[in-house]
Amino acid sequence: MKPMALYLHIPFCRRKCSYCDFCSFPGHEEDFLPYLDALKREFRQSWNPEWEIASLYIGGGTPTVLSPSALVDLVQTLKSAAPIRLGAEVTIEANPGTVRAEGLAQLLAAGVNRLSIGAQSGQDRLLQVLGRIHTAAEVEATVAAARREGFTNISLDLIYGLPGESLADWEQTLAWATALQPDHLSCYGLQVEAGTPLFGMVRDGTAHLPEEDEASAMFLANTQFLPTAGYQQYEISNFARLPSADQDRSDDYRCRHNLTYWGSGDYLGLGLAACSTVADRRWTNVATLTAYFQALAGGTAPTAEVETLTPRQCMAEMLMLGFRLRTGPDPAAFRARWGMTIDEALGGRVEPLLAGGFLHKAADTYRLTTQGMLVSNAVLTRLLAPLL
Ligand code: SF4
């Protein structure tokens, strides 16, 4: 059977955070069940019987604004309708302030085996700037409850480069987060997107972002501090704990689902604004509830855009995503798909980047150095623009 990474998008949140430009909005309870029904219908319409679920990721939004029983029903519906690989990673995103111990126990019993908690910062002052609904103490309580209920794979999402955040603040957040002993950490730099309230605050001078040098120092703090706390960087922004020798785990705590994206594997996204890529076909769903409900009620796919990627686009994307990984693009997978080596695809463009210390040559591939990760967009543009 063909492995498929399955993503389900739950667009509802308690309220909109100041920096958020995801497809999410404050949810009305009367929409919850119709949305879940529509999601199940979309699953039945689009699932291919030759596929098996290799990983399931329920993200948002804030999936945990839905009741635990509704989420359990969703997971069970999928599991009864499609084969799921033994030991498949099943993740749900949870925001502190929206989960309780009983709900966590129900999710675990239904087969959810990874919890991704939106922590963002260890400082209440900064959480308020972001418009988060929770405090740092509520993050701590959520992690403790998840552990007590038996979750053995917990990830925390953090954001650095916040308005009013200093390097010392960020180092404090890293120390606070690692003291909670999650199994995985995602540390993304804040992107201030046009149209968000935070964008207006920065433009009006009521919010002040750290200088570029300070934000770079925060990224470097991730790469320097987290390994000393037991977390290995495996992607530019992602760090995973290695299993201890006495643990019965044949793998580690890297996010399997996201590794499919970075490895250019196929994925099916269901729900509002969800994106799917299967072979060279990519499509994105409509982004409003009305359009989504209408399409599914009429028996049609809720697709807003479809594109067919050219072979060169696919090749450039495989390299671009692969360079996000600490180990670089996979040379065997690249050769198997394109019949050429990574060296042949990149040509002489690697030389100045190697000489400048932005790239490192590894066996049959290249990887970004830490310095290269700091300016990854510029490096990847230099490397890949001729392929596009
Ligand atoms: S909880 Fe997440 S998805 Fe919801 S508004 Fe905040 S950042 Fe956006």
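Residues numbered from 1 in each chain as written. Predicted model: local features only at pLDDT ≥ 70, side-chain atom pairs only at ≥ 80, totals over all residues. Heavy atoms only, no water.

Some details on the overall build of the protein
- The helix and strand inventory of the protein stands at 16 helices and 16 strands.
- For 388 residues, the compact-globule formula gives about 21 Å, and the C-alpha radius of gyration of the protein, at 21 Å, lands near that figure.
- Within the span of the protein, comprising 388 residues, buried residues form 50% of the whole.
- Pairs at least 24 residues apart make up 69% of the contacts formed inside the protein by residues separated by at least 6 positions.
- Looking at the protein as shown, the accessible area adds up to about 17,300 Å², and 53% of this sits on carbon and sulfur atoms.
- Here the protein contributes 31 positively and 42 negatively charged side chains, and the mean placements of these two sets differ by 4 Å. (Helix = DSSP H or I, 4+ residues; strand = E, 2+ residues; numbered from the N terminus. Rg over C-alpha atoms; globule rule 2.2 N^0.38 Å. Buried < 20%, exposed > 50% of the residue type's maximum accessible area, 1.4 Å probe, protein only. Contact = heavy atoms within 4.5 Å. Areas by Shrake-Rupley, 256 points an atom, 1.4 Å probe, with all protein chains shown as cover. Lys, Arg positive; Asp, Glu negative; His and termini not counted. Charge placed at Lys NZ, Arg CZ, Asp CG, Glu CD.)

As for the domain arrangement of the protein
- One can read the domain layout of the protein as domain 1 (2–261) and domain 2 (311–387).
- Contacts between domain 1 and domain 2 engage 12 residues on the former and 9 residues on the latter.
- Taking both sides of the interface into account, the surface hidden between domain 1 and domain 2 amounts to around 900 Å²; carbon and sulfur atoms contribute 67%.
- The interface formed by domain 1 and domain 2 contains 1 salt bridge.
- At the boundary of domain 1 and domain 2, one finds 4 residue pairs in polar contact (both at pLDDT 80 or more).
- Counting residues per element, the ones that place at least two in the side of domain 1 that touches domain 2 are α8 (212–228), β9 (231–235) and α9 (256–262).
- With 4 residues, α8 is the single largest residue contributor to the side of domain 1 that touches domain 2.
- Split by residue class, the side of domain 1 that touches domain 2 holds 7 nonpolar, 4 polar and 1 charged. (Domains from an automatic or database assignment. Buried area = accessible area lost by both parts, 1.4 Å probe. Salt bridge = Lys/Arg side-chain N within 4 Å of Asp/Glu carboxyl O. Polar contact = N/O pair within 3.5 Å; in protein donor to acceptor, adjacent residues only side chain to side chain. Nonpolar A, V, L, I, M, F, W, Y, C, P; charged D, E, K, R; others polar.)

Structural notes on the state of the cysteines
- Enumeration over the complete set of coordinates arrives at 0 disulfides.
- Note on Cys 255: no disulfide assigned, nearest cysteine sulfur contributed by Cys 187 at a separation of 14 Å.
- Take Cys 255: its relative accessible area is 1%, and that puts it in the buried class. (Disulfide = S-S within 2.5 Å.)

Remarks on a negative patch on the surface
- On the surface, Glu 211, Glu 212, Asp 213 and Glu 214 cluster together into a patch of negative charge.
- Within the secondary structure, Glu 211 sits in the loop between α7 (197–204) and α8.
- Look at Glu 211 and you get exposed, because its relative accessible area is 59%. (Patch = residues over 30% accessible without salt bridge, like charges linked within 9 Å, V, L, I, M, F, W, Y side chains within 5 Å.)

A closer look at the packing of helix α6 (residues 167–179) against α8
- The geometry of α6 relative to α8 is characterised by a closest axis approach of 9 Å and an angle of 30 degrees between their N-to-C directions. It follows from the interaxial angle that α6 and α8 lie roughly parallel. Classified by chirality, the crossing of α8 by α6 is right-handed. Contacts between α6 and α8 involve Leu 167, Trp 170, Glu 171, Leu 174, Ala 175 and Thr 178 from the first element and Glu 214, Ala 217, Met 218, Ala 221, Asn 222, Phe 225 and Leu 226 from the second. (Axes fitted to C-alpha atoms, helices over the stretch in contact; angles between N-to-C directions. Parallel < 35°, antiparallel > 145°, perpendicular 65-115°, else oblique. Left-handed = near helix turned anticlockwise from the far one by under 90°.)

Let's talk about the nonpolar core
- Core analysis: the biggest nonpolar cluster contains 94 residues, and Leu 6 and Leu 383 have the highest contact counts within it.
- When residues of this core are assigned to domains, at least three fall in each of domain 1 (2–261) and domain 2 (311–387).
- If near-sequence neighbours (up to four positions away) are discounted, Leu 383 is found in contact with Phe 323, Leu 346, Arg 349, Val 350, Leu 353 and Leu 359.
- Core analysis: the next-biggest nonpolar cluster, separate from the first, contains 10 residues, Cys 20, Ile 159, Leu 162 and Leu 198 among them. (Core = buried A, V, L, I, M, F, W, Y, C linked by side-chain atoms within 4.5 Å.)

Comments concerning unusual backbone geometry
- Cis geometry is adopted by the peptide bond preceding Gly 61, which originates at Gly 60 and carries an omega value of 20 degrees.
- By secondary structure assignment, the location of Gly 61 is in the loop between β4 (51–60) and α2 (68–81).
- One non-glycine residue with positive phi stands out, namely Ala 279, at about 55 degrees.
- Despite not being glycine, Asp 364 shows a phi value in the positive range, around 60 degrees.
- Within the element layout of this structure, Asp 364 appears in the loop between β15 (359–362) and β16 (365–368).
- Residue classification places Asp 364 among the exposed residues on the basis of a relative accessible area of 59%.

Notes on the site of the ligand
- Cys 13, Arg 15, Lys 16, Cys 17, Tyr 19, Cys 20, Phe 22, Ser 24, Gly 61, Thr 62, Asn 95 and Arg 132 make up every residue found near the ligand.
- Among the residues making up the shell around the ligand, the classes are represented as 5 nonpolar, 4 polar and 3 charged. (Near = heavy atom within 4 Å.)

What to know about the pairing of strand β5 (residues 84–94)
- Where β4 lies against β5, 5 bridges are found, and the strand directions are parallel. Residue Ile 58 lies in a different strand from β5, and its bridge partner there is Ile 92.
- This β-α-β element, β4 to α2 to β5, shows right-handed connectivity.
- Relative to strand β6 (residues 114–120), β5 runs parallel, the two being bridged by 4 bridges. Bridging across to β6, Ile 92 finds its partner in Leu 115. (Pairing = 2+ DSSP bridges. Right-handed = clockwise from strand over helix to strand, strands pointing away.)

A look at the packing of aromatic side chains
- On inspection of all chains with the given rule, the structure shows 11 aromatic pairs.
- By way of ring pairs, the aromatic residues Phe 12, Phe 25, Phe 32, Tyr 35, Tyr 292 and Phe 293 are connected into one cluster.
- Over the ring of Trp 283 we find Arg 281; its NZ or CZ atom is 4.5 Å from the centre of that ring.
- Positioned over the ring face of Tyr 366 is Lys 361, at 4.7 Å from the centre of the ring. (Phe/Tyr/Trp six-rings, centres within 6.5 Å; stacked < 30°, edge-to-face > 60°. Lys NZ or Arg CZ within 6 Å of the ring centre and 35° of its normal.)

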